[in-house]
Amino acid sequence: MSATQATSDETLISRIAQGDRLAMQVLYGRHHVRVFRFGLRLVRNEAIAEDLISEVFLDVWRQAGKFEGRSAVSTWLLAITRFKALSALRKRKDAELDDETANAIEDTSDDPEVTVQKKDKGDALRRCLSSLTADHREIVDLVYYHEKSVEEVAELIGIPENTVKTRLFYARKKLAELLKAAGIERGWP
């Protein structure tokens, strides 16, 4: 591309920013094939590539005043095309899901039996937790359910860190005994 054409493209963009339709037609005539081919290579669908041309040049019409000239106009056009193509591909992946693909997706949700087992274990765990002393229950709640560190728990309750560690040790030991007595082994179904 010659320097005259590059300057000419920039002039066209300036005129488009002022609402010059003829300048838009000239810019479109000069670059629409390149934009189409680039878009087609990205989306691999002629209909979508045709739509991209419209969207790209509509953006040029709307955004011409924001063109800063840091790159060639053709580079700017291809950058807009790339962005639009990637957006179109994302939308297409979200929208299209054929039967074969849908059947290939593994269902990782629990079956009814596992759901009941988890509920039963959860109920037993809550009963065992309620059997702990208030001090031990508070430590377990803060560490495991509120994900606080030993240091944070010590600061919140106003006791030394070593006391938090000791209470946590005895709370876990007592909880393990209570769960074993309730017939619950370690682990989750």
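Residues numbered from 1 in each chain as written. Predicted model: local features only at pLDDT ≥ 70, side-chain atom pairs only at ≥ 80, totals over all residues. Heavy atoms only, no water.

Draft legend 1. Up close: the nonpolar core. Residues I13, I16, L27, V60 and L77 are the most contacted members of the largest nonpolar core, which totals 24 residues. Sorting the residues of this core by element identifies α1 (3–17), α2 (21–43), α3 (46–63) and α4 (73–95) as the ones contributing at least two each. Examining the composition of this core, we find that seven residues originate from one element, α3, more than from any other. Residues in contact with L77, not counting those within four places in the same chain, are H31, V35, V56, F57 and V60. One finds V143, V150, I159 and L178 within the second-largest nonpolar core, a separate group that totals 19 residues. (Core = buried A, V, L, I, M, F, W, Y, C linked by side-chain atoms within 4.5 Å. Buried < 20%, exposed > 50% of the residue type's maximum accessible area, 1.4 Å probe, protein only. Helix = DSSP H or I, 4+ residues; strand = E, 2+ residues; numbered from the N terminus. Contact = heavy atoms within 4.5 Å.)

Draft legend 2. Focus on the environment of L142. Within the fold, L142 resides in helix α7 (residues 134–145). Take L142: its relative accessible area is 14%, and that puts it in the buried class. The spatial distance from the C-alpha of L142 to the C-alpha of V153 is 6.7 Å, given a sequence separation of eleven residues. Setting aside its immediate chain neighbours within four residues, L142 contacts E147, K148, V153, L156 and I157.

Draft legend 3. Molecular detail of a negative patch on the surface. A surface patch of negative charge is lined by E46, E50, D51 and E55. Turning to its location among the elements, E50 is positioned in helix α3. A relative accessible area of 44% places E50 in the partly exposed class. (Patch = residues over 30% accessible without salt bridge, like charges linked within 9 Å, V, L, I, M, F, W, Y side chains within 5 Å. Areas by Shrake-Rupley, 256 points an atom, 1.4 Å probe, with all protein chains shown as cover. Salt bridge = Lys/Arg side-chain N within 4 Å of Asp/Glu carboxyl O. Lys, Arg positive; Asp, Glu negative; His and termini not counted. Charge placed at Lys NZ, Arg CZ, Asp CG, Glu CD.)

Draft legend 4. Broad picture of the pattern of salt bridges. All chains considered together, the criterion is met by seven salt bridges. Between D9 and R30 there is a salt bridge whose closest N-O contact spans 2.4 Å. Placement of D9 in helix α1 and of R30 in helix α2 is noted, with a sequence separation of 21 residues between them. The buried category is assigned to D9, whose relative accessible area is 1%. For D123, the salt bridge identified is with K119, shortest N-O distance 3.1 Å. Here K119 and D123 lie together in helix α6 (residues 112–131), a separation of four residues that amounts to about one turn. Looking at K119, the relative accessible area reads 52%, which means it is exposed. Shared partners join several salt bridges into a network, and the residues in it are K119, D123 and R126.

Draft legend 5. Spotlight on unusual backbone geometry. At R44, a position not held by glycine, the phi torsion is positive, near 55°. Within the element layout of this structure, R44 appears in the loop between α2 and α3. Positive phi, close to 50°, is recorded for E147, a residue that is not glycine. Considering the arrangement of structural elements, one finds E147 in the loop between α7 and α8 (150–157). Residue classification places E147 among the exposed residues on the basis of a relative accessible area of 68%.

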